[in-house]
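Examination of the molecular architecture
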Amino acid sequence: MLWKSGKDTGRSAVQTNGFGMVLDAHDRDVIEACQRGDADAFRALFETYKDRVYSIALRYSGNPAVAMDIAQDTFLKLLSRIGEFRAESSFDSWLYRLVVNSCIDDQRRGRRMTPFLDGLLDAVCAPAESVLHRLMRTETEQRVQDVVARLAPEHRMVIVLRYTEGLAYDEIAKILGCSAGTVASRLNRAHKILERRLSWCR
Amino acid sequence: MNPWLEPELQRGLREVTAPAELWDRIRAARVPPSRGSHRGLIWALAVAVVLAAVALSLVRPPDERFALQALANGSQGIGFHCQNPAQLRAWVRANTGLDVPLRPVPPSSIQLIGARNVGARVEIAYQAGGRDAVLLVSKADAGRSNLPHSRVAGNVSSWVTDGQRYTLAASDPADLQLACKLCHLD
């Protein structure tokens, strides 16, 4: 059977599997097929979630090569552990936990690199916008990513889940296995650090 | 939080498109999908361990079973016929490395028949009060402390002393005490 990903059907993954919501019939079928070992179903899940998984990995690691490794690791974990997923829980939450754990595992392996030049190179090569304007914007974005990448892991993860994925405090708390109060406290602390280090953006 | 920070963070950390080669990398490294949970695997392993333990117990029966079997066989299969306790003790030591403290001069109620070694065990066949008895001796598990006599079945008793495991089987439960005189004083 050929499965369609959320994006193929014109629905965004967030809308389809809204965090904490009960899975719709299509998603449930895809996940169940994946649990039975259906390769097409796995491909459909991959297509639906690849950007979210890769984005979290990239924003957390600050390095595209490391992000590829983390994303690969996450999907291989998904493939080998999909049998453990129970339909009554949130698939998004379950998958986010896999990504977070892969990020932490990678961090433990001690690989941390935050390249500065990639974004600037892209900006110079972009023809449409004024090179200077784009350079400045890219420089700002790069600076934000760099500062975020230098946050302590527990602060960095809440920032990434909050701003890359747009998750609410209680959703982040559920993924990280802590209280919403802890999330709020970490975010508050992270905001203060970011404000100080990015004050030149004002 | 300062109002300028949130849009900067949203812009700087926005979601991006995963590179196309991600799928190729996953496909190349892919393992067969899991069809069951790890719980199933744990149960399967537990069952395998139990089956292996059962199989092991069948392949290598405990000493008690060996002793009863030897008792049923009587003097059949005895490789070394000897009525002299000192000679028998020396034979056992030479063939198995076990030292069985047989009484140099047993009472008249104890009649030695002989011995045979089976793997790391030795079976000493004799008669106690005119009825068959078997003393089976093997090395106890490493570090095993002494264990007092325990009655495994009606006519079988076992114990551990000085790193050796003893299993005594007599034709009649009432003969067990008499059979002890192979090694012990009255």
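Residues numbered from 1 in each chain as written. Chains lettered and ligands numbered in written order. Predicted model: local features only at pLDDT ≥ 70, side-chain atom pairs only at ≥ 80, totals over all residues.

**Considerations on the overall build of chain B**
Along its length, chain B carries six helices and seven strands. Helices (α) and strands (β) of chain B occur, in sequence order from the N terminus, as α-α-α-α-β-α-β-β-β-β-β-β-α. Relative to its full complement of 186 residues, chain B shows a buried share of 25%. Long-range pairs, those at least 24 residues apart, make up 56% of the contacts in chain B between residues at least 6 apart in sequence. (Helix = DSSP H or I, 4+ residues; strand = E, 2+ residues; numbered from the N terminus. Buried ≥ 20, exposed ≤ 12 C-beta atoms within 10 Å, placed from the backbone. Contact = placed C-beta atoms within 7 Å.)

**Quick word on the overall build of chain A**
Each helix and strand in chain A was counted, giving 10 helices and zero strands. In chain A, the order of α-helices and β-strands from amino to carboxyl end is α-α-α-α-α-α-α-α-α-α. Scored against the burial criterion, the 202 residues of chain A give a buried share of 41%. In chain A, once contacts between residues fewer than 6 apart in sequence are set aside, the share between residues at least 24 apart is 64%.

**Side note on helix α5 (residues 91-108) of chain A**
The terminal C-alpha atoms of α5 of chain A, which comprises 18 residues, lie 26 Å apart, in line with the 26 Å expected from a rise of 1.5 Å per residue. Among all positions of α5 of chain A, only Phe-91, Asp-92, Leu-95, Tyr-96, Leu-98, Val-99, Val-100, Ser-102, Cys-103 and Asp-106 of chain A are buried. (Expected span 1.5 Å × (residues − 1).)

**Notes on the environment of Ile-70 of chain A**
Mapped onto the secondary structure, Ile-70 of chain A falls in helix α4 (residues 64-81). Ile-70 of chain A sits 14 residues away from Ile-56 of chain A along the chain, and the two C-alpha atoms are 9.3 Å apart.

**Examining the pairing of strand β3 (residues 121-128) of chain B**
All names here are of chain B. Among the eight residues of β3, six are classified as buried, and the element is accordingly described as predominantly covered. Note: strand β2 (residues 110-118) against β3, eight bridges, orientation antiparallel. What sits directly across from Ile-110, in β3, is Ala-128. The turn linking β2 back onto β3 is made up of two residues, and Gly-119 within it adopts a positive phi angle of 60 degrees. Relative to strand β4 (residues 131-139), β3 runs antiparallel, the two being bridged by seven bridges. (Pairing = 2+ DSSP bridges.)

**Description of the interface of chain A and chain B**
At the interface, 38 residues of chain A touch 29 residues of chain B. If you list the elements that add at least two residues to the side of chain A that touches chain B, you get α3 (39-61), α4, α7 (131-149), α8 (153-163) and α10 (180-197) of chain A. Counting residues per element, the side of chain A that touches chain B draws most heavily on α3 of chain A, which supplies nine residues. For the side of chain A that touches chain B, a count of residues per class yields 19 nonpolar, nine polar and 10 charged. (Nonpolar A, V, L, I, M, F, W, Y, C, P; charged D, E, K, R; others polar.)

**Re the nonpolar core**
Core analysis: the biggest nonpolar cluster contains 52 residues, and Ala-57, Ala-71 and Val-99 of chain A have the highest contact counts within it. Ranked by residue count, the leading element in this core is α3 of chain A, at 12 residues. Among all residues touching Ala-57 of chain A, those that are not within four sequence positions of it are Ala-67, Ile-70, Ala-71, Val-99 and Cys-103 of chain A. Ranked by size, the runner-up nonpolar core spans 27 residues in total, among them Val-92, Val-122, Leu-136 and Ala-179 of chain B. (Core = buried A, V, L, I, M, F, W, Y, C linked by C-beta atoms within 7 Å.)

**Points about the pairing of β4 of chain B**
Residue and element names in this part refer to chain B. Taking burial as the measure, the nine residues of β4 include seven buried ones, the bulk of the element. In textbook terms, the turn of a hairpin is the stretch between consecutive antiparallel strands, and for β3 and β4 this stretch comprises two residues, one of which, Gly-129, has a positive phi near 65 degrees. Inspection of the sheet shows β4 paired to strand β7 (residues 164-170) by seven bridges, in the antiparallel sense. By the bridge assignment for β7, Val-137 is matched with Tyr-166.

**A look at the packing of α3 of chain A against α4 of chain A**
Residues and elements named next belong to chain A. At their nearest, the axes of α3 and α4 sit 8 Å apart, and the two run at 140 degrees to each other. Between α3 and α4, the crossing angle belongs to the class labelled oblique. In this structure, the crossing between α3 and α4 has a hand that is right-handed. Residues Phe-42, Phe-46, Val-53, Tyr-54, Ala-57, Leu-58 and Ser-61 of α3 lie in contact with α4, whose contacting residues are Pro-64, Val-66, Ala-67, Ile-70, Ala-71, Thr-74, Phe-75 and Leu-79. Split into classes, the residues belonging to the contact of α3 with α4 amount to 13 nonpolar, two polar and no charged. (Axes fitted to C-alpha atoms, helices over the stretch in contact; angles between N-to-C directions. Parallel < 35°, antiparallel > 145°, perpendicular 65-115°, else oblique. Left-handed = near helix turned anticlockwise from the far one by under 90°.)

**Some details on α4 of chain A**
Over its 18 residues, α4 of chain A runs 25 Å from end to end, which matches the ideal 26 Å to within 8%, given 1.5 Å per residue. Within α4 of chain A, burial applies to Val-66, Ala-67, Ile-70, Ala-71, Gln-72, Asp-73, Thr-74, Phe-75, Leu-78 and Leu-79 of chain A. For α4 of chain A, the secondary structure elements touched by its buried residues are α3 and α5 of chain A together with α2 (21-29) of chain B.

**Looking at the confidence of the model for chain B**
Per-residue pLDDT for chain B has a mean of 82; in total, 86% of the residues score no lower than 70. Here the predicted complex scores 0.51 on pTM and 0.74 on ipTM. (pLDDT = per-residue confidence, 0-100.)

**Quick word on the packing of α5 of chain A against helix α9 (residues 169-176) of chain A**
All names here are of chain A. In contact at an axis separation of 9 Å, α5 and α9 are set at 60 degrees when each is read in the N-to-C sense. Considering the angle they form, α5 stands oblique to α9. Once α5 is placed against α9, the crossing between them reads as right-handed. Contacts between α5 and α9 involve Ser-93, Tyr-96, Arg-97 and Val-100 from the former and Lys-174, Ile-175 and Leu-176 from the latter. Broken down by class, the residue content of the contact of α5 with α9 amounts to four nonpolar, one polar and two charged.

**Topic: unusual backbone geometry**
All names here are of chain B. Of note, the phi angle at Asp-162 is positive, near 50 degrees, even though the residue is not glycine. By secondary structure assignment, the location of Asp-162 is in the loop between β6 (156-161) and β7. C-beta crowding within 10 Å serves as the criterion here: with 8 such atoms nearby, Asp-162 is assigned to the exposed category.

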